[in-house]
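# Tertiary structure, described
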Amino acid sequence: MAHCDPQTLSLIAIGEEPSAEEALHLVTCDECRREWESMRAVADVARDIDDDDLMAPPAHVWAAISEEIAEPTNVVPMRSKRGFAPWLAVAAAIGLVVGGVTGAVVMSRPAPSTIVASVPLEPLADYSATGNASVEVVDGTEMLSVDVSDLPSTDGYFEVWLLASDASSMIALGTLGPGETAMLPLPAGISLADYPVVDISVEPYDGDPTHSTDSVVRGTLPA
Amino acid sequence: MKGASIVRLDMERLARRGGGPIMSMVESVEPADPARDADAADARLAAAFSTGGEPTFAAVYDRWSPLVYSTARRVLRDPHEAADVTQEVFVSAWRGRATFDPARGSLPGWLVTITRRRVADHLERRSRQAEPTDTPPEDTGHAPVDEAVDRILVADELARLGEPPATILRLAFFDQLTHAEIAERVQLPLGTVKSHIRRSLERLRDRWEVDRGAL
């Protein structure tokens, strides 16, 4: 006989009796049998389902989740291709500025500086490095001063970032100097309330300007 | 009656969405295939998930937390532990959302994969804490994970078939009526009932195969 039509196969799958001709066809035709068996498999699962199989979790679960995801610490930033272009441009612009300003700071030290905010940097994951980050106003310019110790050995380099508290966006401030310190100017248009998390990552020399996701230390500047 | 809570869940979800009144949403549903609108909404959520902010994430939680919670509850047989698993899964999902690629798999499939991992962690923790006894290993007080995943995935799809397909399938599965008896009961032509049964079964099967993933 010709192939069984799909409607007939679905009726047999939910348990209706095939005609003798259909039954014989199902034994001999692989194509129809596969179709029937795949529908019967899901019908067998569906038949057992009870009223209370599918239940929403209690309301306190969402409350706990939203509290936890609002917590800025130990959020691991991910590479985001969408975020790439805008802050690649920002990073490049800062890179140009860093050279000039860092030079100027070194030349004019000691300059009068006021510490605006300060936070200890705590190690992440397998690292033991610790340090401190502070926002200082030097000659009217807001700078981020970082000082770290016990950095891991690396074939790459260390980069200083400011992250949004949910790590959904970030700004590359510059690289850490050889003395495990850096004095980096903060871009004028940036609000620290939007980017309160200071993060230092290990970056490989792979030409990829995005965060490696390998963070060493982190701290959240007080609001 | 079988399936009553599934309907209730849907109404809750509609109500929680806020915005337009429920009745106008119902009236605007295409009579031909209500499940297609739901699919389009799911696809939009999945596409927005990896780059979306908290509102998108909240909508994803709304849509798929019953899947995660119910699967964990079925395996672990402990509502408190299932709530913990749900929290762990969605916190992981939030932190790892940039790694989700809608082109490579379905979002519920991705969430189910994380759920499997977290549930396995809990089972392992239990077996470490358990005192060594004479209890045979098969009597560990939990359901097989694959079976739970299959069942809850299909339950979720069943809840989204809309009407009349959901009623028709319920009469076929739970009341074991033939398609002729169903046609009589719901006052629809025989051909319409047959076509609903075929479309619904194919849909359940296809979604199930996609969402259970390559595991």
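Structure's up top.
These lines cover the structure that appears in this document, whether it is placed above or below. (Residues numbered from 1 in each chain as written. Chains lettered and ligands numbered in written order. Predicted model: local features only at pLDDT ≥ 70, side-chain atom pairs only at ≥ 80, totals over all residues. Heavy atoms only, no water.)

All names here are of chain A. Taken in spatial order, the 8 strands of this open sheet run β5-β4-β7-β8-β1-β2-β3-β6, and their pairing is antiparallel. Pairing within the sheet leaves two strands with one partner each, and these edge strands are β5 (170–175) and β6 (181–185). Averaged over all adjacent pairs, the angle separating strand axes in this sheet is 25°, with direction ignored. Sheet topology places strand β2 (residues 130–138) next to strand β3 (residues 141–149); 9 bridges connect them, and they run antiparallel. What sits directly across from V135, in β3, is L144. (Pairing = 2+ DSSP bridges. Helix = DSSP H or I, 4+ residues; strand = E, 2+ residues; numbered from the N terminus. Axes fitted to C-alpha atoms, helices over the stretch in contact; angles between N-to-C directions.)

Opposite the 55 residues of chain B that make contact, chain A presents 42 residues. Buried area between chain B and chain A, both sides added, is near 4400 Å², and the carbon and sulfur share of it is 65%. Seen at the junction of chain B and chain A, the total is 4 salt bridges. The salt bridge partner of A:D53 is B:R74, with a shortest N-O separation of 3.6 Å. On the surface where chain B and chain A come into contact, there are 10 residue pairs in polar contact (both at pLDDT 80 or more). Contributing elements (two or more residues each) for the side of chain B that touches chain A: α1 (4–16), α4 (54–76), α5 (79–95), α7 (145–158), α8 (165–173) and α10 (190–211) of chain B. Its residues assigned to classes, the side of chain B that touches chain A shows 28 nonpolar, 13 polar and 14 charged. (Contact = heavy atoms within 4.5 Å. Buried area = accessible area lost by both parts, 1.4 Å probe. Salt bridge = Lys/Arg side-chain N within 4 Å of Asp/Glu carboxyl O. Polar contact = N/O pair within 3.5 Å; in protein donor to acceptor, adjacent residues only side chain to side chain. Nonpolar A, V, L, I, M, F, W, Y, C, P; charged D, E, K, R; others polar.)

Another aspect to go through is the side chain of A:S201. All names here are of chain A. When you line up the elements, S201 lands in strand β7 (residues 197–203). The class of S201 is buried, set by a relative accessible area of 0%. At a separation of 2.7 Å, a polar atom in the side chain of S201 contacts the side chain of E203. The residues touching S201, leaving out its near neighbours within four places in the chain, are Y157, F158, E159, W161, H211, S212, D214, S215 and V216. (Buried < 20%, exposed > 50% of the residue type's maximum accessible area, 1.4 Å probe, protein only.)

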